[in-house]
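One-letter residues, chain by chain:
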Amino acid sequence: MAGKVKWVTDIEKSVLINNFEKRGWVQVTENEDWNFYWMSVQTIRNVFSVEAGYRLSDDQIVNHFPNHYELTRKDLMVKNIKRYRKELEKEGSPLAEKDENGKYLYLDFVPVTYMLPADYNLFVEEFRKSPSSTWIMKPCGKAQGKGIFLINKLSQIKKWSRDSKTSSFVTQSTKEAYVISLYINNPLLIGGRKFDLRLYVLVSTYRPLRCYMYKLGFCRFCTVKYTPSTSELDNMFVHLTNVAIQKHGEDYNHIHGGKWTVNNLRLYLESTRGKEVTGKLFDEIHWIIVQSLKAVAPVMNNDKHCFECYGYDIIIDDKLKPWLIEVNASPSLTSSTANDRILKYNLINDTLNIAVPNGEIPDCKWNKSPPKEVLGNYEILYDEELAQGDGADRELRSRQGQSLGPRGGRSRDSGRTILTTWK
C-alpha cells in the first residue's frame, strides 16, 4: 500500500485544510519532505526563483505555474492577448478578421487598455477621440479592488501623477504601474444593479492545453443601484463588485452576500431574453476563456509539477456581450456566507480529485487526463490533443454560431463533452 500524501499550505483556510484531512493526508512543514503544497503566489515566486535553486521531485506538485502572472497580472494579460491577436493576423487566420472600423470580429473581448505611465501618449490620443468617455484605473499587481478609481478628465490623471510623486510621464519611474481601461458604462443590470461573474477554470497543462470549467460559479452584485452619472464616479459601491468593498456597504446582505449562482443567472436570462441568446452568451464566455489561455500558453512555463485554478472575472454589457476584466491566480477561499463555504469546499475537493488522482502520492509524469467520473462539478472546456485536426475554419464557424454539434460546437467524444472546434 502506498504511503499517505504529505501536505503543506501557507494559506490557512478551512476549505483547504478540511479537504486535506478528509483524505487522511498528513500535514508536514515546508522544511520536511512534502508531496503537495498549496501555496500563495509569493511563495511560488521563491520556490521557482533562480536564487533558490530548488528542484521539485517527481512526487511533488504545487498549485501555481511558475510564471502564472503572464495571465494574472492585468498589464501582462492584455499584452499577451494583443500579441496573440497580432500573430493570428500575421498568419492570415480568419479568427483575426476585422470589421470596417478595424475592430476584431471575434477577438474583441478585452476593453481598450493602456499601461501607465508607459502608454500615456497613446492613451491621451485615444481619450481625445471620445472625451466624454469614462476610464477605470487599476494598479497592475493588486487585488480585491484596492487602488482602483474612475476618471473622465485628463486633469484627473495629471493630479494622480502629481499625487504619486512622479514629475513626468515621459520617464519610467519606480512608481507603481497601472492599467487604464475604457469603462464598460452600459453593464447589464439586474434589479438596477451592476454585477460581474466569477468563474473558476482549472488548467492541468498548457502544452498541450487542457482546461476545465467549474459549473458552480457565481455573480457578485453591487449594493447600490447603478448610474452612469459622473457625480457618482467616486462611489465604489456603485461601480466595483468586489466583496472586499461591497461588504462595507450599508445595504450589504450577510445572508446571501450579494451573490447569485451562475445557474440562477442563466435561468433569469433564459426567461427574459430567451434560451438561444442565453446559450450564445455562455458559449462566448467559454470562447473568451479558451482564447485567453491560448494567448498565454506559448509563454507559460509548463512545469509538469504544476496545475492552477484561476478565478475569471467577466462583465456582461446590456447587449449581452461578455468582456474579460481580469484573471486571479489566488481566487478568494474566504467564505462570506454558508453557501459560499459549501461552494468553495466542493471547488477544492473537485480540484484535488483532478490534480491528485485517487488522493495518492503524486507522480508528475502521468498524462493529466483523468476519467470523466472524477471531474465532479468540472467539465472539460478544451483539450488540445482531442481538438487536433479541427482547423481554424471550423473553429470560426462555431464562433459564428453555426452549430457543429449540441449547443454550438460541442461534440461527444469518449463520453466527454469536448469543445473540439476551438483549435
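Residues numbered from 1 in each chain as written. Predicted model: local features only at pLDDT ≥ 70, side-chain atom pairs only at ≥ 80, totals over all residues. Heavy atoms only, no water.

- As annotated in an unreviewed UniProt entry, the chain carries the name Polyglutamylase complex subunit TTLL1 and is attributed to Acinonyx jubatus.
- We quote the UniProt Catalytic activity (unreviewed entry) comment for the chain here in full: "(L-glutamyl)(n)-gamma-L-glutamyl-L-glutamyl-[protein] + L-glutamate + ATP = (L-glutamyl)(n+1)-gamma-L-glutamyl-L-glutamyl-[protein] + ADP + phosphate + H(+)".
- Checking UniProt for the chain, the heading Sequence similarities (unreviewed entry) contains the comment "Belongs to the tubulin polyglutamylase family." (UniProt positions renumbered as here; feature names shortened; annotations may be inferred.)

### Points about the overall build of the chain
Argument step 1. If you tally the helices and strands in the chain, you get 14 helices and 18 strands.
Argument step 2. Taken over 423 residues, the chain has a buried fraction of 53%.
Argument step 3. Relative to all contacts within the chain whose residues are 6 or more apart in sequence, the contacts with residues 24 or more apart total 70%.
Argument step 4. For the chain, the accessible surface area stands at approximately 19800 Å², while carbon and sulfur atoms represent 49% of it. (Helix = DSSP H or I, 4+ residues; strand = E, 2+ residues; numbered from the N terminus. Buried < 20%, exposed > 50% of the residue type's maximum accessible area, 1.4 Å probe, protein only. Contact = heavy atoms within 4.5 Å. Areas by Shrake-Rupley, 256 points an atom, 1.4 Å probe, with all protein chains shown as cover.)

### Comments concerning the packing of aromatic side chains
Argument step 1. With the rule as written, the count across this model stands at 21 aromatic pairs.
Argument step 2. Look at Phe20 and Trp25: their rings are 5.7 Å apart centre to centre, the planes differ by 15 degrees, and that puts the pair in the stacked class. Trp25 matches Phe20 in its accessibility class, with the two residues each being buried.
Argument step 3. Each member of the aromatic cluster is reached from another via a ring pair, and the members are Trp7, Phe20, Trp25, Phe36, Trp38 and Phe307.
Argument step 4. Positioned over the ring face of Tyr104 is Lys98, at 4.8 Å from the centre of the ring.
Argument step 5. Seen from the ring of Trp323, Lys321 lies directly overhead, with NZ or CZ sitting 4.6 Å from the centre. (Phe/Tyr/Trp six-rings, centres within 6.5 Å; stacked < 30°, edge-to-face > 60°. Lys NZ or Arg CZ within 6 Å of the ring centre and 35° of its normal.)

### Quick notes on the layout of surface pockets
Argument step 1. Counted as a void, the second largest pocket has a volume near 1100 Å³.
Argument step 2. Around the second largest pocket sit 35 residues that line it, and Lys103, Asp108, Pro111, Val112 and Glu126 are the ones nearest its centre.
Argument step 3. Going through the elements one at a time, helix H4 (74–90), strand S5 (113–116) and helix H5 (120–129) are the ones with two or more residues in the lining of the second largest pocket.
Argument step 4. Tallying contributions element by element places H4 first for the lining of the second largest pocket, with 6 residues.
Argument step 5. Class assignment of the residues belonging to the lining of the second largest pocket gives a composition of 13 nonpolar, 8 polar and 14 charged. (1 Å grid on protein atoms, 1.4 Å probe; cavity = no way out; pocket = protein on both sides within 12 Å on 5 of 7 lines; lining within 4 Å. Points joined across faces, edges and corners; volume = space filled by probe spheres on them. Nonpolar A, V, L, I, M, F, W, Y, C, P; charged D, E, K, R; others polar.)

### Some thoughts on empty space enclosed by the protein
Empty pockets left among the atoms are what a rolling probe the size of a water molecule brings to light.
Argument step 1. According to the stated counting rule, one finds 4 cavities of 30 Å³ or more in the structure shown.
Argument step 2. Size it by volume and the second largest cavity reaches roughly 120 Å³.
Argument step 3. Considering the residues around the second largest cavity, the lining is formed by 14 residues, among which Ile61, Ile354, Ala355, Trp366 and Lys368 are closest to the centre.
Argument step 4. Among the residues forming the lining of the second largest cavity, the class breakdown is 9 nonpolar, 2 polar and 3 charged.

### Here's the deal with the nonpolar core
Argument step 1. Of all hydrophobic cores here, the largest spans 65 residues; its most connected members are Leu71, Tyr206, Leu293, Tyr310, Tyr312 and Leu324.
Argument step 2. Once residues within four sequence positions are removed from consideration, Leu71 is found in contact with Met77, Tyr206, Ser292, Leu293, Val296, Met300, Tyr310, Tyr312 and Val327. (Core = buried A, V, L, I, M, F, W, Y, C linked by side-chain atoms within 4.5 Å.)

### Considerations on H5
Argument step 1. Considered for burial, the residues of H5 that qualify are Tyr120, Phe123, Val124 and Phe127. Here the buried residues of H5 occupy an arc of 100 degrees about the axis, which is enough to place them on one side. More than 90 degrees from the buried face of H5, the exposed residues found are Asn121, Glu125 and Lys129. (Arc of directions from axis to C-beta.)

### A closer look at the sheet that holds strand S4 (residues 61–62)
Argument step 1. Reading across the sheet, the 4 strands line up as S2-S1-S3-S4 and stay open at both edges, with parallel pairing between neighbours. If you trace the sheet from one side to the other, it starts and ends with strand S2 (26–27) and S4, each paired once.
Argument step 2. Of the strand pairs in this sheet, strand S1 (residues 6–9) and strand S3 (residues 36–38) are connected by 3 bridges, and their pairing is parallel. Across the sheet, Trp7 pairs through a bridge with Phe36, a residue of S3. (Pairing = 2+ DSSP bridges.)

### Things to note about the sheet that holds strand S8 (residues 178–182)
Argument step 1. Spatial strand order, S5-S8-S6-S7: 4 strands in an open sheet with antiparallel pairing. A strand with exactly one partner marks an edge of an open sheet, and here the two such strands are S5 and strand S7 (149–151). The mean angle between the axes of side-by-side strands here comes to 30 degrees, regardless of whether they run parallel or antiparallel.
Argument step 2. Relative to S8, strand S6 (residues 135–139) is paired through 5 bridges, and the arrangement is antiparallel. By the bridge assignment for S8, Pro139 is matched with Tyr178.
Argument step 3. Here H4 sits on the sheet in contact with S5, S6 and S8, set at roughly 130 degrees to S5.
Argument step 4. Across the sheet, H5 is in contact with S5, S6, S7 and S8; its angle to S5 comes to roughly 140 degrees. (Axes fitted to C-alpha atoms, helices over the stretch in contact; angles between N-to-C directions.)

### As for the environment of Glu12
Argument step 1. With respect to the helices and strands, the residue Glu12 is situated in the loop between S1 and helix H1 (14–22).
Argument step 2. It is 9.7 Å that separates the C-alpha atoms of Glu12 and Leu333, two residues lying 321 residues apart in sequence.

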